[in-house]
Amino acid sequence: MNPQAKLIFTTSLLLGTTITISSNHWILAWTGLEINTLAILPLISKSHHPRAVEAATKYFLVQAAASALVLFSSMTNAWHTGQWDITQLTHPTSCLILTSAIAIKLGLVPFHFWFPEVLQGSPLTTGLLLSTAMKFPPITLLFMTSQSLNSTLLTTMAIMSTALGGWMGLNQTQTRKILAFSSISHLGWMAIIITYSPKLALLNFYLYTLMTAAVFLTMNSMKVLKLSTLMTSWTKSPALSTTLLLTLLSLAGLPPLTGFLPKWLIIQELTKQEMPLMATMISLLSLLSLFFYLRLAYCWTITLPPHTTNHMKRWHVHKPVNTQIAILTTLSIMLLPISPIILTIM
């Protein structure tokens, strides 16, 4: 892609996100979401492969429907209350429609079907944007309206997302699809807590972004798209593979790694809200995700060639250490000891 075009699209992405997260008026927030959608479409379809064009079309149709619902819910609320302020969303029907619209934008169950397909058709770097940056504006809208939302509906969607995200990721062989189901599962953890402790949901999102960025950038540097390619990566870069093993376990939420912090705090908050059953259910369902993270880690670090899987051998190239990956993997592994400082900032 032309560097000038890429610069325009990236700037538009930043602009759209900034408009949405800094606005108080529904029309401005909707405008920001639309700018974001239009800016990411060329980045999804830049390879001109039929799969990429299909992914871009699916993404456009889904996001257009969700944006229309956001506009409809805000107009319904303005009709009944005379308020266009995002924090003044008080009408029950508007809250219900908005929850559905944001769930479609994020890919929460039962509106999750588009997300794995779109991620599979996108390049890894665009996949990273779709999994992290594109989810930030909808989550900030949930954050701002959290006091008005229906917690029973969000809890039901959260439990279903964690269950289906783990369940459907079990038999995948494509790394992008595995990360898509991982994203759906993590969104379940954010959705269950957003009405009780919105700051905790944002902390979970920040740490999830950190760990997912580390995984996506590592895969991009090794050009890994499926599990059979993963099996030859250990011999090429053992150090990177080892740190990635720990990052995957961190994504799974195992102590004493960074990913354990949000899960621990969410379970604690759910128990305080007298929801021990939900805390137990979401904890047990996250074991499904742990299985496919362990499967990825096993393929990446423990399966050594020669083996019977057919794959294309790649050249051994001595690349310099990528500073971004080094910083992200370190943060993804080692933030738990400084959790008191993080909680003080929050």
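Just so we're clear, the structure is a prediction, and the values are computed from it rather than from any experiment.

### Quick notes on unusual backbone geometry
Comment: phi is negative for the bulk of residues other than glycine, and the bulk of peptide bonds are trans. Cis rather than trans, the peptide bond between Val109 and Pro110 has omega equal to 10°. Its location among the elements puts Pro110 in the loop between helix 4 (92–106) and helix 5 (114–121). Each neighbour pair has its own omega, and for Pro255 with Pro256 the value is 5°, a cis peptide bond. Backbone geometry at His48 places phi at a positive 60°, although glycine is not the residue there. Here His48 lies in the loop between helix 2 (26–44) and helix 3 (50–81). The phi dihedral of Lys223 falls on the positive side, at around 55°, and the residue is not glycine.

### Looking at the UniProt feature "transmembrane region" (unreviewed entry) in the protein
As annotated in UniProt, the feature "transmembrane region" (unreviewed entry) corresponds to residues 56–76, 96–115, 152–171, 202–219, 239–257, 277–304 and 325–345 in the numbering used here. In residues 239–257, the share of helix is 74% and the share of strand is 0%. The end C-alpha atoms are 18 Å apart.

### Here we look at a nonpolar patch on the surface
Together, Ile27, Met75 and Trp84 make up a nonpolar patch on the protein surface, roughly 260 Å² of accessible area in all. In this structure, Trp84 sits in the loop between helix 3 and helix 4.

### Topic: the domain arrangement of the protein
Its domain assignment divides the protein into domain 1 (1–136) and domain 2 (150–308 + 317–345). Taking the mean C-alpha position of each, domain 1 and domain 2 sit 23 Å from one another. At the junction of the two partners, domain 1 supplies 25 residues and domain 2 supplies 31 residues. Contact between domain 1 and domain 2 buries roughly 2400 Å² in total, counting both sides, with carbon and sulfur atoms accounting for 78%.

Criteria and thresholds
- Residues numbered from 1 in each chain as written.
- Predicted model: local features only at pLDDT ≥ 70, side-chain atom pairs only at ≥ 80, totals over all residues.
- Heavy atoms only, no water.
- Helix = DSSP H or I, 4+ residues; strand = E, 2+ residues; numbered from the N terminus.
- UniProt positions renumbered as here; feature names shortened; annotations may be inferred.
- Patch = residues over 30% accessible without salt bridge, like charges linked within 9 Å, V, L, I, M, F, W, Y side chains within 5 Å.
- Areas by Shrake-Rupley, 256 points an atom, 1.4 Å probe, with all protein chains shown as cover.
- Salt bridge = Lys/Arg side-chain N within 4 Å of Asp/Glu carboxyl O.
- Domains from an automatic or database assignment.
- Contact = heavy atoms within 4.5 Å.
- Buried area = accessible area lost by both parts, 1.4 Å probe.

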